[in-house]
Amino acid sequence: MAPDAPRDVELKRDLVKRVTDAFIDAYKIPAESVHVWIHEVPADSWGTAGKLTADK
C-alpha cells in the first residue's frame, strides 16, 4: 500500500516531538542534540517489483 505523502504538518510536528523525546529518554541527551529529517518521496518517484508505487 502506498503511503499518503506528503504528510500533514501537524503529523510531522508530532513525529519530531516523539522521536526527540525517545532519544532524550534512551540516551539522556539534550533535545538540542537531536536532529530529525523527514524525507518524503512521492509515490510516483519509487517502485517495487517492477511497478511504480503510485500504480499499486
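Just so it is clear, the structure is predicted and the values come from calculations on it, not from any experiment. (Residues numbered from 1 in each chain as written. Predicted model: local features only at pLDDT ≥ 70, side-chain atom pairs only at ≥ 80, totals over all residues. Heavy atoms only, no water.)

## Focus: helix α1 (residues 9–27)
Since the α-helix advances by 3.6 residues per turn, residues separated by three or four positions end up pointing in the same direction. Helix length check: α1 (19 residues) gives 27 Å between terminal C-alpha atoms against 27 Å at 1.5 Å per residue, within 8%. The residue sitting at the N-terminus of α1 and contributing the capping side-chain oxygen is aspartate 8; that oxygen lies 2.8 Å from the backbone nitrogen of glutamate 10. (Helix = DSSP H or I, 4+ residues; strand = E, 2+ residues; numbered from the N terminus. Expected span 1.5 Å × (residues − 1). Polar contact = N/O pair within 3.5 Å; in protein donor to acceptor, adjacent residues only side chain to side chain.)

## A word on the UniProt feature "domain: 4-oxalocrotonate tautomerase-like" (unreviewed entry) in the protein chain
UniProt feature "domain: 4-oxalocrotonate tautomerase-like" (unreviewed entry): in the numbering of this structure it lies at residues 6–55. For residues 6–55, helix accounts for 38% and strand for 8%, while the C-alpha atoms at its two ends are 17 Å apart. (UniProt positions renumbered as here; feature names shortened; annotations may be inferred.)

## Focus on a nonpolar patch on the surface
A cluster of nonpolar residues, Leu15, Val16 and Ile38, forms a patch on the protein surface that exposes about 200 Å² of accessible area. The exposure class assigned to leucine 15 is partly exposed, which follows from its relative accessible area of 40%. (Patch = residues over 30% accessible without salt bridge, like charges linked within 9 Å, V, L, I, M, F, W, Y side chains within 5 Å. Areas by Shrake-Rupley, 256 points an atom, 1.4 Å probe, with all protein chains shown as cover. Salt bridge = Lys/Arg side-chain N within 4 Å of Asp/Glu carboxyl O. Buried < 20%, exposed > 50% of the residue type's maximum accessible area, 1.4 Å probe, protein only.)

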